[in-house]
Amino acid sequence: MIKIIDISNRKNAEDVLNIQIPSYKVEAEIIGSYEIPPLKDTVHTLQHCGETFFGYYENEKLCGVISIKVAEDEVDIHRLIVHSNHFRKGIAQLLLNFIETKFEVETIKVATGSKNIPAVSFYKKNGFQTIKEIIVNEQLSLSYFEKKL
């Protein structure tokens with residue numbers, strides 16, 4: 001079941017963080033850089049990020065999260081995270097499908113570490129096109145994608 005997460009509730013923010021940190025540690029290992037901003041998040045920063053959070057729940061337990069910002073005709077995905085215990089179960093796909101059908105927008109945007117092959121493959125499989133790549137430092141570059149609906 002997918003439902004909105006009230007991130008202003010401390011317990012909810014803690015639940016998100018308990019999925020986010022392990023999930024982004026996996027990405028950090030894949031891309032070879034631990035300088036990923038989500039690894040530095042706290043309950044406070046999550047509660048003040050201005051994003052709208054949706055969670056995928058199994059038996060009332062949070063297993064995956066997508067967070068977005070919506071502006072005019074665009075959804076910008078800021079986080080798409082799944083707890084490592086629930087990898088390869090289709091949860092990321094369900095969350096992406098939910099966003100694509102819930103919001104009537106023209107474009108969905110997202111960015112990920114260029115070396116994060118599983119994420120890059122996931123977005124390309126779902127019809128996202130690479131629009132740019134930015135080199136942050138020697139270890140880290142980001143790929144930006146968009147999908148026209």
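Residues numbered from 1 in each chain as written. Predicted model: local features only at pLDDT ≥ 70, side-chain atom pairs only at ≥ 80, totals over all residues. Heavy atoms only, no water.

Details of the confidence of the model for the chain
Thought 1: Per-residue pLDDT for the chain has a mean of 95; in total, 100% of the residues score no lower than 70.
Thought 2: Within the chain, the element-level pLDDT minimum falls on helix α1 (residues 10–31), averaging 95, and the maximum on strand β1 (residues 2–5), averaging 98. (pLDDT = per-residue confidence, 0-100. Helix = DSSP H or I, 4+ residues; strand = E, 2+ residues; numbered from the N terminus.)

Re the sheet that holds β1
Consider a sheet: its strands pair through backbone hydrogen bonds, and that pairing is either parallel or antiparallel.
Thought 1: Taking strand neighbours across the sheet as the criterion, the seven strands line up as β1-β2-β3-β4-β5-β7-β6 in an open arrangement whose pairing is mixed. The open sheet has two edge strands, β1 and β6 (129–135), and neither has a second partner. Strand-to-strand, the axes of this sheet are offset by a mean angle of 25 degrees, without reference to chain direction.
Thought 2: The pairing of strand β5 (residues 107–113) with strand β7 (residues 141–148) spans seven bridges and is antiparallel. The residue of β7 that forms the bridge with Ala111 is Tyr144.
Thought 3: Strands β1, β2 (52–58), β3 (61–71), β4 (74–82) and β5 of the sheet are contacted by α1, whose axis makes an angle of about 85 degrees with β4. (Pairing = 2+ DSSP bridges. Axes fitted to C-alpha atoms, helices over the stretch in contact; angles between N-to-C directions. Contact = heavy atoms within 4.5 Å.)

Observations concerning the nonpolar core
General note: in soluble globular proteins, nonpolar side chains tend to be found buried as a group.
Thought 1: Judged by nonpolar contacts, the single largest core of 24 residues is most densely connected at Ile66, Ile68, Val75, Ile77, Ile99 and Tyr123.
Thought 2: Within the residue set of this core, elements represented by two or more residues are β2, β3, β4, α3 (91–102), β5 and α4 (117–125).
Thought 3: The element that contributes the greatest number of residues to this core is α3, accounting for five residues.
Thought 4: Those residues in contact with Val75 that lie beyond four places of it in its chain are Ile68, Lys69, Val70, Ile99, Phe103, Val105, Thr107, Ile108 and Lys109.
Thought 5: If you look at the next biggest cluster of nonpolar residues, it comprises 20 residues, including Ile7, Cys49, Phe53 and Tyr57. (Core = buried A, V, L, I, M, F, W, Y, C linked by side-chain atoms within 4.5 Å. Buried < 20%, exposed > 50% of the residue type's maximum accessible area, 1.4 Å probe, protein only.)

Remarks on the pattern of salt bridges
Thought 1: Counted under the stated rule, the structure contains nine salt bridges.
Thought 2: Glu60 is the partner of Lys3 in a salt bridge, and the nearest nitrogen-oxygen pair spans 3.9 Å. Of this pair, Lys3 sits in strand β1 while Glu60 sits in the loop between β2 and β3, and the two are 57 residues apart along the sequence.
Thought 3: With relative accessibility at 32%, the residue Lys3 sits in the partly exposed group.
Thought 4: On the accessibility criterion, Glu60 (64% relative accessible area) is exposed.
Thought 5: Across the salt bridge formed by Lys11 and Asp15, the nearest N and O atoms sit 2.9 Å from each other. Residue Lys11 and its partner Asp15 are located together in helix α1, separated by four residues, close to a single helical turn. (Salt bridge = Lys/Arg side-chain N within 4 Å of Asp/Glu carboxyl O.)

Side note on the side chain of His83
Thought 1: Along the chain, the position of His83 falls in the loop between β4 and α3.
Thought 2: Dropping the residues within four chain positions of it, His83 is found in contact with Asn18, Ile19 and Cys63.

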